[in-house]
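If you want the building blocks of each chain, they are given just below.
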Amino acid sequence: MQQLSETDFNIKPEAGMISNSERRWLQVVKTVQKDPTPHFAIDGLKNEMKSWIYPLNCIDFETTAVAIPFLAGIHPYEQLAFQFSHHVIYEDGRVEHRGEYINTKIGTFPNFDFLRALKSTLSHNSGSIFRYHNHENTILNVIYNQLKDADEPDKQDLMDFIQQISHNTGSNADQWTGPRDMIDLHKVVLNYYYDPAMAGSNSIKAVLPAALNSSEFLKDKYSKPLDHIGVSSLNFPEDYRFIHVEDNNVVSPYKKLPPLFEDWDADSLDAAVTQIEGISDGWAALVAYAKLQFQDVTQEERMEIENGLLRYCELDTLAMVMILEYFKDVTENFQ
C-alpha cells in the first residue's frame, strides 16, 4: 500500500458523494497513515437527509428459498417471507419498536399475511421508509407477482400497497416507482460514509460496531437501560442495555444475543458457513425457519427459536435506527 499513489486508482469524483474509486483510495490512505477516524461526505449527507420525511421507518425482512419446497404448489427456490421487524424514529428522538410479524407454522404459506401485517404497521404514518440493501424491494416484487396469480379478496389493495413503497425490479414486467419508495440505507452508507473499522465490508453487521465505536452519542445513549432513553422494545426487557465495552471497544450487540441453536453460538455458525457461496446476513434466520418446518421440534424448542428470531430481527432494524441517529448527530455537530 505504501507504494501506491492516487494516480493508481483512476479516481473519478462524484459531486457530494464518495465514489467507488475514492473509497478505495481512502482505504489505502487511512491504512498507511494508521488513521482510524471515519470519513463523511458531509455536505452530500446533509442534502440527502433534507429529503427524509419524519417519522422515519426502518424495516427488515427474513425470508427463505429452498431447493425442495416446504409447501405443495411452490416452485424450487421460490421466496417465502416469514418475518419482519419495524422501528420508527420520531422527530423528537423517541424510538418505537412499532411492529413485527413471524409465521413459522408447518405447512403454511406466509407471504400474503406477512404483507397484510406490513401494510398495517406502515400505514400508521406517511414518513420515509428505510431498508438495508436490495432484499426487501426484491421480496416485495416477488410477492407482487405471486398476488397476480392468487385469488385473495384484497389482492388489488395489496398490490397497490407494494407499488406505493417499492419500485419494480428489472425482471418484473410491470413498471412502477412508488411515491414512498423505500430508501436504501446501504446506499446511503456507500455514498457518504467510510470507516476503517468496517474492514472493507459494508454489511450492517460491520457498519454497526464501527458506528458504535466512533459515536460518543450512541455510546452514551445505548449504554443506558431502554426505559431511560425513550426506546421501546417488543422483545427485550426495559432494563436491557445494548452497549457493552470490552478492552476499550464496544462489543457488537449481535454478539451479546443468545444463540439461536443450542451449542451453536454466532461465531461457531459463522465459521461453519463462511465457505458456502451466497450465504448472507440473514442465513441464521432461514436455517431456523427450516428447522421449525419439521415435527420433531418440541414446543419448548419452537418457542425458544421463535423468540430468538424475534430478537435478532428487532436488532436488525434497531441497528438501522442507530446508524441513522449517528448520521443525524454527525451532521448536526460536524466541525
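Heads up: the structure comes first, above all this text.
Cut-off values and rules
- Residues numbered from 1 in each chain as written.
- Predicted model: local features only at pLDDT ≥ 70, side-chain atom pairs only at ≥ 80, totals over all residues.
- Heavy atoms only, no water.
- Helix = DSSP H or I, 4+ residues; strand = E, 2+ residues; numbered from the N terminus.
- Rg over C-alpha atoms; globule rule 2.2 N^0.38 Å.
- Contact = heavy atoms within 4.5 Å.
- Areas by Shrake-Rupley, 256 points an atom, 1.4 Å probe, with all protein chains shown as cover.
- Lys, Arg positive; Asp, Glu negative; His and termini not counted.
- Charge placed at Lys NZ, Arg CZ, Asp CG, Glu CD.
- Patch = residues over 30% accessible without salt bridge, like charges linked within 9 Å, V, L, I, M, F, W, Y side chains within 5 Å.
- Salt bridge = Lys/Arg side-chain N within 4 Å of Asp/Glu carboxyl O.
- Buried < 20%, exposed > 50% of the residue type's maximum accessible area, 1.4 Å probe, protein only.
- Pairing = 2+ DSSP bridges.
- Polar contact = N/O pair within 3.5 Å; in protein donor to acceptor, adjacent residues only side chain to side chain.
- Phe/Tyr/Trp six-rings, centres within 6.5 Å; stacked < 30°, edge-to-face > 60°.
- Lys NZ or Arg CZ within 6 Å of the ring centre and 35° of its normal.

Enquirer: Describe the overall build of the chain, and please don't skip the residues or the numbers.
Expert: Secondary structure assignment for the chain yields eleven helices and nine strands. For 335 residues, the compact-globule estimate of 2.2 N^0.38 gives 20 Å, and the C-alpha radius of gyration of the chain, at 21 Å, lies within 12% of that figure. Considering only contacts within the chain whose residues lie at least 6 apart along the sequence, 68% involve residues at least 24 apart. Carbon and sulfur atoms make up 49% of the accessible area of the chain, which amounts to about 16900 Å² in all. Across the chain, the centroid of the 28 positively charged side chains sits 4 Å from that of the 50 negatively charged ones.

Enquirer: Explain a negative patch on the surface residue by residue, including any values.
Expert: Taken together, Asp-296, Glu-300, Glu-301 and Glu-304 make up a surface patch of like negative charges. Locating Glu-304 in the fold gives a position in helix H11 (residues 299-333). The exposure class assigned to Glu-304 is exposed, which follows from its relative accessible area of 53%.

Enquirer: Any chance you could break down the pairing of strand S2 (residues 56-64) for me, citing the residues and the numbers?
Expert: Of all nine residues making up S2, nine are buried, and the element is well covered by its neighbours. By the alternation rule, side chains of S2 split into Leu-56, Cys-58, Asp-60, Glu-62 and Thr-64 and Asn-57, Ile-59, Phe-61 and Thr-63, which are all buried. As defined by bridge partners, S2 adjoins strand S3 (residues 80-89) across nine bridges and the pair is classed as antiparallel. By the bridge assignment, Glu-62 is partnered in S3 with Gln-83.

Enquirer: Can you break down the environment of Lys-155 residue by residue, with the values?
Expert: Relative to the helices and strands, Lys-155 is located in helix H5 (residues 155-165). Distance in space between the C-alpha atoms of Lys-155 and Ala-319 is 32 Å, their sequence separation being 164 residues. Ignoring anything within four residues of it in the chain, the contact list for Lys-155 reads Leu-147, Lys-148, Asp-149 and Ala-150. Reaching out from Lys-155, the side chain makes a polar contact with the backbone oxygen of Leu-147 at a distance of 3.2 Å.

Enquirer: Any details on the packing of aromatic side chains? Residues and values, ideally.
Expert: As enumerated under the stated definition, the model contains 19 aromatic pairs in all. Look at Tyr-193 and Phe-327: their rings are 5.4 Å apart centre to centre, the planes differ by 70°, and that puts the pair in the edge-to-face class. Placement of the pair is Tyr-193 in strand S7 (residues 193-194) and Phe-327 in helix H11, with a sequence separation of 134 residues. Where Tyr-326 meets Phe-327, the ring centres are 6.0 Å apart and the plane angle is 35°; that geometry is what we call tilted. Exposure class is identical for Tyr-326 and Phe-327. Each is buried. Members of the aromatic cluster, connected to one another through ring pairs, are Phe-40, Tyr-193, Tyr-326 and Phe-327. For Lys-205, the ring lying beneath its charged end belongs to Tyr-254, and the centroid distance is 4.4 Å.

By themselves, these are just geometric observations and shouldn't be taken as functional.
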